[in-house]
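Given next are the chains, with one letter for each unit.
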Amino acid sequence: MWLLIVTVIIILVVVLVVSGNKRTVRKKKSDMSVAEATRRAQELFEAVYGHITYDQKMASANLLFILAAICKPNGAQYHQIHDVIASYCGSLSIDAKSFKHIVIQHPSIKDVVGVLKQIPKKDNFFTHFLFTCWTIVSITKSEDGIVLLQHVFGELGYSSEELINEIQKLNALDQMYLGENSREK
């Protein structure tokens with residue numbers, strides 16, 4: 001009997017010590033400073049997008065403006081799309097002064113596609129870019145936007161099936177993290 005009681009006490013002590021160590025480990029993981037988190041985010045950004053040239057950034061931003069114009073957003077949609085484009089440009093460090101030069105540098109779809117073709121098709125940049133383009137199209141639910149998206153990404157080497165698969169992955173991630181109605185907000 002005493003042996004059973006001692007065994008139970010030992011098991012309880014071991015469980016408490018192990019769970020206490022897990023809490024300590026969890027606490028240590030969350031002690032990252034804001035400066036450290038910012039530094040790591042900048043390193044990640046540089047690793048994924050640091051190789052994109054200024055010209056390529058401008059071409060991609062211009063395509064977003066063209067896509068937004070073709071989608072013909074209403075008032076509320078216009079504000080949502082403005083926020084999407086501003087966020088995209090901010091993530092690529094395109095400042096407000098550059099906006100007026102975007103259209104001048106790449107006035108046509110052909111120019112935009114020519115510049116974007118310089119980026120390898122399987123580059124991580126295109127996942128971010130496609131997500132942004134698709135967000136604009138999904139806000140307006142524009143068929144003209146879908147046609148332009150298919151044309152541009154077709155020119156960039158994506159088959160219709162690849163484009164559909166990428167969009168389905170993006171939608172699945174969006175629903176998983178933001179909920180089913182995230183596009184309707």
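In case you missed it, the structure is sitting above this.
Calculation notes
Residues numbered from 1 in each chain as written. Predicted model: local features only at pLDDT ≥ 70, side-chain atom pairs only at ≥ 80, totals over all residues. Heavy atoms only, no water. Salt bridge = Lys/Arg side-chain N within 4 Å of Asp/Glu carboxyl O. Helix = DSSP H or I, 4+ residues; strand = E, 2+ residues; numbered from the N terminus. Buried < 20%, exposed > 50% of the residue type's maximum accessible area, 1.4 Å probe, protein only. Core = buried A, V, L, I, M, F, W, Y, C linked by side-chain atoms within 4.5 Å. Contact = heavy atoms within 4.5 Å. Axes fitted to C-alpha atoms, helices over the stretch in contact; angles between N-to-C directions. Parallel < 35°, antiparallel > 145°, perpendicular 65-115°, else oblique. Left-handed = near helix turned anticlockwise from the far one by under 90°. Phe/Tyr/Trp six-rings, centres within 6.5 Å; stacked < 30°, edge-to-face > 60°.

**Notes on the pattern of salt bridges**
Then comes step 1: Taken as a whole and assessed by the stated rule, the structure comprises two salt bridges.
Then comes step 2: In this structure, the salt-bridge partner of Glu155 is Lys117, at a minimum N-O distance of 3.8 Å. Taken together, the positions of Glu155 in helix α8 (residues 143–155) and Lys117 in the loop between α6 (109–116) and α7 (124–140) put the pair 38 residues apart, joining distant regions of the chain.
Then comes step 3: Accessibility expressed as a relative area gives 36% for Glu155, which makes it partly exposed.
Then comes step 4: A relative accessible area of 47% means that Lys117 is categorised as partly exposed.
Then comes step 5: One salt bridge in this structure joins Glu166 and Lys169, with 3.1 Å as the shortest N-O distance. Of this pair, Glu166 and Lys169 both sit in helix α9 (residues 160–178), three residues apart, which is roughly one turn of the helix.

**Points about the nonpolar core**
Then comes step 1: Counting 43 residues, the largest nonpolar core has Leu116, Phe125, Phe129, Ile136, Leu149 and Phe153 as its most contacted members.
Then comes step 2: Put simply, the parts of the chain that give this core at least two residues each are α3 (54–71), α4 (75–91), α6, α7, α8 and α9.
Then comes step 3: If sequence neighbours within four positions are ignored, Phe129 has contacts with Ser60, Leu63, Leu64, Tyr88, Leu116 and Phe153.

**Notes on the packing of α3 against α7**
Then comes step 1: One way to put it is that α3 packs onto α7 with a least axis distance of 9 Å and a crossing angle of 15°. Considering the angle they form, α3 stands roughly parallel to α7. When you trace α3 past α7, the crossing you get is right-handed. Facing Ser60, Leu63, Leu64, Leu67, Ala68 and Cys71 of α3, the residues of α7 in contact are Phe125, Phe129, Thr132, Cys133, Ile136, Val137 and Thr140.

**Quick notes on the packing of aromatic side chains**
Then comes step 1: Under the defined criterion, the tally for this structure stands at seven aromatic pairs.
Then comes step 2: A ring pair is formed by Phe126 and Phe153, whose centres lie 6.3 Å apart and whose planes are at 75°; its orientation type is edge-to-face. Within this pair, whereas Phe126 is found in helix α7, its partner Phe153 is found in helix α8, the two being separated by 27 residues in sequence.
Then comes step 3: In this structure an aromatic cluster arises from ring pairing among Tyr88, Phe125, Phe126, Phe129, Phe153 and Tyr158.

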